[in-house]
Number of protein chains: 2
Amino acid sequence: MPLFLSTQDAGFEADFAALLGMKREEAEDVDQAVATIIADVRARGDGAVLELTARFDRLALTADKLAFSKAEIAAEIAKVTPEDRAALELAAARIRAYHERQRPSDLLWTDETGATLGWRFTPIPAAGLYVPGGLATYPSSVLMNAIPAQVAGVKRLVIACPTPGGVVNPLVLLAAELAGVVTVYRMGGAQAIAALAYGTETVQAVDKITGPGNAYVAAAKRRVFGRVGIDMIAGPSEILVIADRDNDPDWIALDLLSQAEHDESAQSILITDDAAFGRAVAAAVERRLETLERRAIAGASWAAHGAVIVVRDLDEAAVLSNRIAPEHLELCVAEPEKLAEKTTEAGAIFLGSWTPEAIGDYVGGPNHVLPTARSARFSSGLSVLDFMKRTTLARMTPEALAAIGPAAERLAISESLQAHGLSVRARLDRLNG
Amino acid sequence: MPLFLSTQDAGFEADFAALLGMKREEAEDVDQAVATIIADVRARGDGAVLELTARFDRLALTADKLAFSKAEIAAEIAKVTPEDRAALELAAARIRAYHERQRPSDLLWTDETGATLGWRFTPIPAAGLYVPGGLATYPSSVLMNAIPAQVAGVKRLVIACPTPGGVVNPLVLLAAELAGVVTVYRMGGAQAIAALAYGTETVQAVDKITGPGNAYVAAAKRRVFGRVGIDMIAGPSEILVIADRDNDPDWIALDLLSQAEHDESAQSILITDDAAFGRAVAAAVERRLETLERRAIAGASWAAHGAVIVVRDLDEAAVLSNRIAPEHLELCVAEPEKLAEKTTEAGAIFLGSWTPEAIGDYVGGPNHVLPTARSARFSSGLSVLDFMKRTTLARMTPEALAAIGPAAERLAISESLQAHGLSVRARLDRLNG
């Protein structure tokens, strides 16, 4: 049974603090193993990648087979059913349309001194996307990572995806094609991250690596950070649903279960202002659990990390929501926009009962790579900006330098940075004589 | 003597690659010491912070003295000369004017299915700014970190600054006041980062920590990342100047030295299409070095990491510049805007001979916290966006769900996420009868 709390309980604050502080995932300590693998790939390049692929993926490759050929990709994509292809194409089109609106604007202006100031956005030259193999291979994640990069204008976009025993998900290759990926490498784990960050004879190094992965991949991404950019290190998924009594308990139960089924570490929380409704949802969860293929996973998540919290009113719900800072927030209330003004800390908000979170995982348009573990307080989901960088621009005229240079010189002197001051002074002296 | 290369030399590619790969800083391994300090602050709160402050900063404080009082701040600020105050106020006003243009826009639209989509930016609730004590206390860095946070709308902005022996730079406190900082704590090192990330009895935890610091501070920021947001881990400063012969060699020499004087690990590189001009700049550097207060530091940096590279033409200069991806790039050429179109990889570009980099450090307006160590390929300088986060918004209507829900259901099934599909199907079934 999940936690059942009420803000009117005497012990609520302590119970809620414990819920917030709950550690849902034990980080596997693989850092030393990963350090060894990265050093091996840096030292031996392709040789190391091929050897590790043979060992971990039971796949004997030669360097020229590390990337899928065009013919291999075409053959795999041919296996996709027309219905699956249509669904993936709809998702790609909607994700692209949403992300195209995120393209930033350059700006350049001249201020009152005559100085020209501004900035310019340019795409990151090359990006690598990690796609897990096996069970957690999600074609939707390929779209969610690759389309923002494509919209940003990244010139070279590659994928690394392990293919244990040589098996690949055809939908992953189709998603890659729809998103403009130029090369798909059959490699995974820390060795793939190392190859993307440092390059090998066959793999050209990239500038940024994004995408989910297991503990080895996460540790490798942390280690190569700085050499290349990385996206966030994602934790287990989570949802908070705020629902009033005017909802079908079964719909809300399914929304909670659609997070719980991801992973035993996932977390689903319901906040409601009606205790009877909360109990009805909990009962509906139990009924639906019996029928789910993934009931072992979803049931374990719900029992260990699930919670139903009864509040006095929706204002109180918003306060708790901001303390949770959920990855996904569903507002199944009469005036969701009004409540959303108060729920400022959330990765993605789903407004109204007709917007199940699963829509956002696939076809809504917004990105499904979102901040977890309360990091929505300070970070955002993946976007086009994650594949661009901003260069600031400044141009002084002699007049502008005359106007603001003396202040720069004075501050440089106050910071004991003499040459800074002199580089301005030498120019001012030319103006003055 | 610095490296003197020409792209026409037989060994150029190898020499240039060595320059790019040069390790300028040995990372001090303080990670274990930092882990212990963080654990201590988490366990003992104020007690640990005060004990460590007494030990490292030779300063015996009580918890109620951890933050400067208003009277103490006023007394320190009264020591600032009118000229220094005016310079700092000019800098603050210009930095604020630049960053106010970075405020992002919210967007909400309705698409052809009737779905409402968009996003919303909100400020990070609380931010902590680390300000080093001692020699490297730069009031300009306080402005560069705090003003973007203030413009973003961060409600609670605090500073942690060690005050060895109780000494503080009055300009730092004035800069804090100008930038809307609410509290300045007398604490530094890993203990300050831990206190900001986890909170103590006296220090309220923040959501993001930015600002420069020594090896202990950098290691602590890495460790608390995830619990709070952090900015980049900055490396030693660097400048690349691309200059043609129509420049005063002395100006360019001073620009190179204004990076070199920061730190023995700093790097200054000149690329020119005129070998004689390159030699003239190198000679000017030697002349200026003799007169500099910080000649030991600047001379060591120039000798160990400096370089003059002679190229055939400016196109070749742009190619090399993009491989270097410098933090600061000065374009002292006849048509700097034209060249800037090709130099896509740079943190900040200074256009034309009248724009010494030092202007950007203080009063230009753009931020001086910029990506180092080739990370301008994939990251950007500090901005207002670093103190905000974006929440995506989606609202389906029954019609919108009918239009795109079946595709979501199909993709959910293809990913074996049954509850995801059911959460959509339950709603579609209601529509269908």
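Not measured: the values here are computed from a predicted model. (Residues numbered from 1 in each chain as written. Chains lettered and ligands numbered in written order. Predicted model: local features only at pLDDT ≥ 70, side-chain atom pairs only at ≥ 80, totals over all residues. Heavy atoms only, no water.)

## Description of the packing of helix H1 (residues 12–21) of chain A against helix H13 (residues 314–324) of chain A
Residues and elements named next belong to chain A.
Thought 1: Contact geometry of H1 with H13 gives a least axis separation of 10 Å together with a crossing angle of 35°. In this structure, H1 crosses over H13, and the sense of that crossing is right-handed. Mapping the contact onto sequence places Phe 12, Glu 13, Phe 16 and Leu 20 in H1 and Leu 320, Arg 323 and Ile 324 in H13.
Thought 2: Here the residues of the contact of H1 with H13 are counted per class, giving five nonpolar, no polar and two charged. (Axes fitted to C-alpha atoms, helices over the stretch in contact; angles between N-to-C directions. Helix = DSSP H or I, 4+ residues; strand = E, 2+ residues; numbered from the N terminus. Left-handed = near helix turned anticlockwise from the far one by under 90°. Contact = heavy atoms within 4.5 Å. Nonpolar A, V, L, I, M, F, W, Y, C, P; charged D, E, K, R; others polar.)

## Quick look at the relation of the copies chain B and chain A
Thought 1: The two copies are related by a screw motion: chain B maps onto chain A through a turn of 180° and a shift of 0.0 Å along the axis, at an RMSD of 0.0 Å. Both copies are brought into coincidence by an operation consistent with a two-fold rotation axis.
Thought 2: A share of 100% of interface residues in chain B that are also interface residues in chain A marks the association as one of identical surfaces. (Least-squares fit on C-alpha atoms with pLDDT ≥ 70 in both.)

## What about the sheet that holds strand E10 (residues 267–272) of chain A?
Thought 1: With mixed pairing, nine strands are arranged side by side in an open sheet as E1(A)-E11(A)-E10(A)-E9(A)-E12(A)-E13(A)-E14(B)-E3(B)-E2(B). Sheet topology places strand E1 (3–6) of chain A together with strand E2 (107–110) of chain B at the edges, where each strand pairs with a single neighbour. Between one strand axis and the next, the sheet turns by 15° as a mean value, whatever way the strands run.
Thought 2: Contacts between H1 of chain A and the sheet are confined to E1, E10 and strand E11 (307–310) of chain A, with E1 of chain A contributing the most and set at about 135° to the helix. (Pairing = 2+ DSSP bridges.)

## Quick word on the UniProt feature "binding site: substrate" (unreviewed entry) in chain A
Thought 1: Per the UniProt annotation, the sites labelled "binding site: substrate" (unreviewed entry) are Ser 237, Gln 259, His 262, His 328, Asp 361, Glu 415 and His 420 of chain A. Judged by maximum C-alpha separation, these annotated positions cover 184 residues in sequence and are scattered in space, the widest gap reaching 55.5 Å.
Thought 2: Positionally, His 262 of chain A belongs in the loop between helix H10 (249–260) and E10.
Thought 3: Excluding residues within four positions of it along the chain, His 262 of chain A makes contact with Tyr 138, Ser 237, Arg 294 and Ile 297 of chain A together with Leu 417 and His 420 of chain B.
Thought 4: Checked against the element boundaries, Glu 415 of chain A lands in the loop between helix H16 (398–414) and helix H17 (418–432).
Thought 5: Take Glu 415 of chain A: its relative accessible area is 5%, and that puts it in the buried class.
Thought 6: Excluding anything up to four places from it in sequence, Glu 415 of chain A contacts Tyr 138, Pro 139, Ser 140 and Tyr 362 of chain B. (UniProt positions renumbered as here; feature names shortened; annotations may be inferred. Buried < 20%, exposed > 50% of the residue type's maximum accessible area, 1.4 Å probe, protein only.)

## Re helix H8 (residues 189–198) of chain B
Residues and elements named next belong to chain B.
Thought 1: Among the 10 residues that make up H8, nine are buried, leaving the element largely enclosed by the rest of the structure.
Thought 2: Among the residues of H8, those classed as buried are Gly 189, Ala 190, Gln 191, Ala 192, Ile 193, Ala 194, Ala 195, Leu 196 and Ala 197.
Thought 3: Packed against the buried residues of H8 are helix H2 (31–44), helix H3 (46–57), strand E4 (126–130), strand E5 (156–160), strand E7 (208–210) and helix H9 (215–224).
Thought 4: Once H8 finishes, Gly 199 follows within two positions and takes phi at roughly 80°, a positive value.

## What about the domain arrangement of chain A?
Residues and elements named next belong to chain A.
Thought 1: Domain parsing of chain A yields domain 1 (31–78 + 122–230), domain 2 (235–378) and domain 3 (396–432).
Thought 2: Domain 1 and domain 2 are separated by 33 Å when their C-alpha centres are compared.
Thought 3: Tallying the contact residues gives six residues for domain 1 and eight residues for domain 2.
Thought 4: For the pairing of domain 1 and domain 2, the buried interface totals around 530 Å² over both sides, and the portion due to carbon and sulfur atoms is 54%.
Thought 5: Ranking the residues of domain 1 by area buried against domain 2 places Tyr 138, Ser 140 and Met 144 at the top, with a combined share of 78%. (Domains from an automatic or database assignment. Buried area = accessible area lost by both parts, 1.4 Å probe.)

## Description of the interface of chain B and chain A
Thought 1: Taken together, the contact pairs 118 residues of chain B with 118 residues of chain A.
Thought 2: Taken together, the two surfaces of chain B and chain A that pack against each other cover about 10300 Å², and 58% of this comes from carbon and sulfur.
Thought 3: Taken together, chain B and chain A are joined by 14 salt bridges.
Thought 4: Note that Arg 377 of chain B is salt-bridged to Asp 207 of chain A, the shortest N-O span being 2.5 Å.
Thought 5: Our count for the contact surface shared by chain B and chain A stands at 62 residue pairs in polar contact (both at pLDDT 80 or more).
Thought 6: When the residues that make up the side of chain B that touches chain A are grouped by side-chain class, the tally is 56 nonpolar, 30 polar and 32 charged. (Salt bridge = Lys/Arg side-chain N within 4 Å of Asp/Glu carboxyl O. Polar contact = N/O pair within 3.5 Å; in protein donor to acceptor, adjacent residues only side chain to side chain.)

## Some words on the sheet that holds strand E1 (residues 3–6) of chain B
Thought 1: Taken in spatial order, the nine strands make up an open sheet running E2(A)-E3(A)-E14(A)-E13(B)-E12(B)-E9(B)-E10(B)-E11(B)-E1(B), and their pairing is mixed. Sheet topology places strand E2 (107–110) of chain A together with E1 of chain B at the edges, where each strand pairs with a single neighbour. For this sheet, the mean inter-axis angle between neighbouring strands, taken without regard to orientation, is 15°.
Thought 2: As paired strands, strand E9 (residues 238–243) of chain B and strand E12 (residues 328–332) of chain B are joined by five bridges and run parallel to one another. Bridge pairing in E12 of chain B places Ile 239 of chain B opposite His 328 of chain B.
Thought 3: Contacts from helix H5 (residues 82–100) of chain B reach E2, strand E3 (116–123) and strand E14 (388–395) of chain A within the one sheet, and its direction differs from that of E3 of chain A by about 40°.

## Thoughts on the UniProt feature "active site" (unreviewed entry) in chain A
Residue and element names in this part refer to chain A.
Thought 1: What UniProt calls "active site" (unreviewed entry) maps, in this numbering, to Glu 327 and His 328.
Thought 2: Locating Glu 327 in the fold gives a position in the loop between H13 and strand E12 (328–332).
Thought 3: Excluding residues within four positions of it along the chain, Glu 327 makes contact with Ser 237, Glu 238, Gly 347, Ala 348, His 368, Leu 370, Pro 371 and Thr 372.
Thought 4: Among the secondary structure elements, His 328 is positioned in strand E12.
Thought 5: The class for His 328 is buried, based on a relative accessible area of 2%.

## Overview of the nonpolar core
Thought 1: Core analysis: the largest hydrophobic core is formed by 125 residues, its most contacted members being Ile 159 and Val 363 of chain A together with Leu 143, Ile 159 and Val 363 of chain B.
Thought 2: Excluding anything up to four places from it in sequence, Ile 159 of chain B contacts Leu 129, Val 131, Val 142, Ala 176, Val 181, Thr 183, Val 184 and Tyr 185 of chain B. (Core = buried A, V, L, I, M, F, W, Y, C linked by side-chain atoms within 4.5 Å.)

## Examining the pattern of salt bridges
Thought 1: This model, assessed by the stated rule, comprises 44 salt bridges over all chains.
Thought 2: Sharing partners across several salt bridges, the network here consists of Asp 40, Arg 44 and Glu 51 of chain A.

## Some details on the side chain of Asn 367 of chain B
Residue and element names in this part refer to chain B.
Thought 1: Relative to the elements of secondary structure, Asn 367 occurs in the loop between helix H15 (357–362) and strand E14 (388–395).
Thought 2: Separated by 3.1 Å, the side chains of Asn 367 and His 99 make a polar contact.
Thought 3: Dropping the residues within four chain positions of it, Asn 367 is found in contact with His 99, Met 144, Pro 148 and Leu 382.

## With respect to the pairing of E12 of chain B
Residues and elements named next belong to chain B.
Thought 1: Counting buried positions along E12 yields five of five residues, so the element is predominantly enclosed.
Thought 2: Side-chain alternation along E12 places His 328, Glu 330 and Cys 332 on one buried face and Leu 329 and Leu 331 on a second face that is also buried.
Thought 3: Summarising the sheet, E12 and strand E13 (residues 348–351) pair through four bridges and their orientation is parallel. From the neighbouring strand, Glu 330 faces E13, where its bridge partner is Phe 350.

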